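Structural characterization, general
Okay, here's what each chain looks like letter by letter:
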Amino acid sequence: MNRKPLTWENAASRCHQGVRVAEVRTLFETVYSLSGDVPLVEAADEEADPSVLQPGAIVAGSIRQVCLIRKISAGGAILHADIPVEEGRRLELELETGEHLDGRIVWQRGSELGLRFDEAIDVLPILAHNLVSQPGERRRMPRVEVSCPARLEMGPRNLLVTVHDISQGGAKIETPFPLEVDRDIVLSPERLQPLTGRTVWVDGCVAGVSFEPELDWQALMPWLRSRRDAPLLPPAAPAPPEPESTRTSRSVDSGSVQMNLPARVREGTRRWSIDVTALTSRTVEFDCFAALRLGSLLWIVLPGLEGWPARIVGIDGYRFTCEFTQPLHPAVLERILAQSVPA
């Protein structure tokens, strides 16, 4: 089969006729996703901009049609193509990198196609190819879907949020309650440097933040690689509760205060009530009957503190020891201790 090289120009001109024109709220470029799932049907009022979408080609039997890639994940892709297809049909997707991906159409809406890959792929090499193909002085990272816990500082408040996508210029986050537009923020995604910026739009409990200054792609790419390669740790195996004599005699970190303080802990969307038994500016120890995992990032909600990130560093039966990613301010610690009941 004679296959012409793909270019931005021929892909945009041939596919624009097949893209339904509607009243557009925002134009979207190609989105890369670290998820292993097949991308879902996009909202009907979101139109892709052919000038900024990555080109590809669909091969179905003897037919080869240039297409545009709206979103690509490890498990599949959303494509724009002016070609009659039906659900269940097998296709081959050709990427600019020369890679050929076999799959099957799992949904279709107008010119949009949902393609499920036969085998999961790694999207980061495709993303890297996209970067190196751009002129060096204008090289920019496109939007990447992630699911990452983060701490949001907004004035005196510290909130647990989830980053749903990120680029050099900003991020989309999910918050526990609606934020205000045009507020200065500091966003600290897990294992990434704190990012200063401001809220630029709010839609319910979802908000868009703009980074000021922008995040360098040379810092963003290694972070994405670490998110992809992060191992899934096995759940902690439950153990019988310790005898009370053992629990009360156990030594704690120097400078810690033993107490009996009701609090809450959050991991992603899961929440539990806990009893804090020891607290310092750097560590917290609590009892919880959930199967939490060693190394997991949690958000500890203490009295007067909306949420503070901490990582599990020790598990002993139903007792967990966590280390705060940033120490508590002495004044904050003193205020919390004033509300505790000594053990």
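In this text the structure is predicted, and so the values were computed from the model without any measurement. (Residues numbered from 1 in each chain as written. Predicted model: local features only at pLDDT ≥ 70, side-chain atom pairs only at ≥ 80, totals over all residues. Heavy atoms only, no water.)

Quick look at the pairing of strand β10 (residues 144-154) now. Across the eleven residues of β10, eight count as buried, placing the element largely inside the fold. As defined by bridge partners, strand β2 (residues 31-33) adjoins β10 across two bridges and the pair is classed as parallel. Within β10, the position partnered with serine 33 by the bridge is glutamate 145. Across nine bridges, the pairing between β10 and strand β11 (residues 157-166) is antiparallel. Bridge assignment links arginine 151 to a residue of β11, and that residue is leucine 160. The hairpin formed by β10 and β11 contains two residues between the paired strands, and glycine 155 there has a positive phi angle of roughly 65 degrees. Relative to strand β13 (residues 184-189), β10 runs antiparallel, the two sharing four bridges. Pairing of arginine 151 across the sheet is with serine 188, part of β13. (Buried < 20%, exposed > 50% of the residue type's maximum accessible area, 1.4 Å probe, protein only. Helix = DSSP H or I, 4+ residues; strand = E, 2+ residues; numbered from the N terminus. Pairing = 2+ DSSP bridges.)

We now examine unusual backbone geometry. Residue glutamate 212 is joined to proline 213 through a cis peptide bond whose omega torsion reads 5 degrees. With respect to the secondary-structure elements, proline 213 resides in the loop between β15 (206-211) and α3 (217-229). Of note in the backbone geometry, aspartate 182 takes a positive phi value of approximately 65 degrees without being a glycine. Within the element layout of this structure, aspartate 182 appears in the loop between β12 (170-174) and β13.

Quick look at the packing of aromatic side chains now. The final tally for this structure, using the stated rule, is one aromatic pair. Look at phenylalanine 286 and phenylalanine 320: their rings are 5.7 Å apart centre to centre, the planes differ by 25 degrees, and that puts the pair in the stacked class. Remark: phenylalanine 320 occurs in strand β21 (residues 319-324) and phenylalanine 286 occurs in strand β18 (residues 283-287); sequence separation between them is 34 residues. A relative accessible area of 0% places phenylalanine 286 in the buried class. For phenylalanine 320, a relative accessible area of 1% corresponds to the buried category. Cation over ring: arginine 151 sits above tryptophan 308, and NZ or CZ is 5.0 Å from the ring centre. (Phe/Tyr/Trp six-rings, centres within 6.5 Å; stacked < 30°, edge-to-face > 60°. Lys NZ or Arg CZ within 6 Å of the ring centre and 35° of its normal.)

Taking 1.5 Å of rise per residue, the 13 residues of α3 would be expected to cover 18 Å, and the 18 Å separating its terminal C-alpha atoms lies within 8% of that figure. Within the sequence span of α3, burial applies to Leu220, Met221, Trp223 and Leu224. Buried residues of α3, viewed axially, fall in a sector of 165 degrees; they line one side. Buried-residue contacts for α3 involve α2 (123-132), β10, β11 and β13. The opening residue of α3, the one whose side-chain oxygen lies 2.7 Å from the backbone nitrogen of glutamine 218, is aspartate 216. (Expected span 1.5 Å × (residues − 1). Arc of directions from axis to C-beta. Contact = heavy atoms within 4.5 Å. Polar contact = N/O pair within 3.5 Å; in protein donor to acceptor, adjacent residues only side chain to side chain.)

Predicted coordinates in areas of low pLDDT are best not read in detail. Averaged over all residues, the pLDDT of the protein chain is 77; the fraction at 70 or higher stands at 77%. Scored below 50 in pLDDT, residues 1-27 shows 56 contacts in the model against residues more than four places distant or in partner chains. Note that residues 231-254 has pLDDT below 50 and, in this model, 30 contacts with residues that lie over four places away or in other chains. (pLDDT = per-residue confidence, 0-100.)

A separate point is the side chain of serine 33. Residue position: serine 33 is located in strand β2. Given the relative accessible area of 2%, serine 33 is considered buried. Engagement of the side chain of serine 33 in a polar contact is seen with the backbone nitrogen of serine 35, the distance being 3.1 Å. Discounting residues that sit within four places of it in the chain, serine 33 has contacts with Ile72, Ser73, Ala74, Val123 and Glu145.

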